[in-house]
Amino acid sequence: MTTKRSIAGEFGLQIKTLIMVVGLLWALELIDIPLGGSLNAFGIRPRDPQGLWGILFAPFLHGDLLHLLSNTVPFVVLSWLIMLRATEDWLAVTVLAALVGGLGTWLFGQSGSVHIGASGVIFGYFGFLLARGYFERSFVAIALSVLVTFLYGGLIFGVLPGQPGISWEGHLFGFVGGILAAKLMSKPRRKSSDLDF
């Protein structure tokens, strides 16, 4: 027999999860500063067989504190919006966005480049929250899609090439991974109630 976690328990789990992940991101960057950024070599290196390991490591690595700071706020906000339904949803979206985004970057990224940062996963969250409203057609899912569009709609331009030093490939394929996650995870609309998360 299973029991659902209480709302307070679920919220506590979400807070602990976000603190742990964000704490890890910041700890790694603070360790990397005295190392001269040498950890960034573990990022995604397109079409280099050794660079495939970067799919696992790249989301945890950042170029500098400003890069990490710019990713921290949208990471926390979009993560929590996904967690509103269930913390487990966040984990599934994170894994799928990281894998699809990382593999797409490895296959199509510029040769000789190294791709790092959590922004590919953030774009996955963005894609998931936008597409969930489309796939589920529930009131809450659509409302969250509208909210995310209002807060972060400008992110969509990050999937386009043209900004030096920005991994648009990571953004694009992370976004695609988020849409795929929304398609796979969306619950069919129920006639009895459209207000469920």
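Preceding this section is the structure that the text describes.
Residues numbered from 1 in each chain as written. Predicted model: local features only at pLDDT ≥ 70, side-chain atom pairs only at ≥ 80, totals over all residues. Heavy atoms only, no water.

(A) Region of the structure containing unusual backbone geometry. The phi dihedral of Arg47 is positive, around 60°, even though this residue is not glycine. Note that Arg47 resides in the loop between helix H1 (7-32) and helix H2 (54-57). Positive phi is not limited to glycine here, since Arg137 has a value of about 60°. Looking at where Arg137 falls in the secondary structure, it is placed in the loop between helix H5 (119-136) and helix H6 (139-152). (Helix = DSSP H or I, 4+ residues; strand = E, 2+ residues; numbered from the N terminus.)

(B) Examining the packing of aromatic side chains more closely. Evaluation of the coordinates by the stated rule reveals five aromatic pairs. Look at Tyr134 and Phe135: their rings are 5.2 Å apart centre to centre, the planes differ by 75°, and that puts the pair in the edge-to-face class. Overall, the relative accessible area of 53% leaves Tyr134 in the exposed class. Judged by its relative accessible area of 28%, Phe135 falls in the partly exposed class. (Phe/Tyr/Trp six-rings, centres within 6.5 Å; stacked < 30°, edge-to-face > 60°. Buried < 20%, exposed > 50% of the residue type's maximum accessible area, 1.4 Å probe, protein only.)

(C) Quick look at a nonpolar patch on the surface. A cluster of nonpolar side chains, namely Phe11, Ile15, Ile19 and Trp80, defines an oily patch on the protein surface of about 380 Å² accessible area. Of note, Ile15 is situated in helix H1. (Patch = residues over 30% accessible without salt bridge, like charges linked within 9 Å, V, L, I, M, F, W, Y side chains within 5 Å. Areas by Shrake-Rupley, 256 points an atom, 1.4 Å probe, with all protein chains shown as cover. Salt bridge = Lys/Arg side-chain N within 4 Å of Asp/Glu carboxyl O.)

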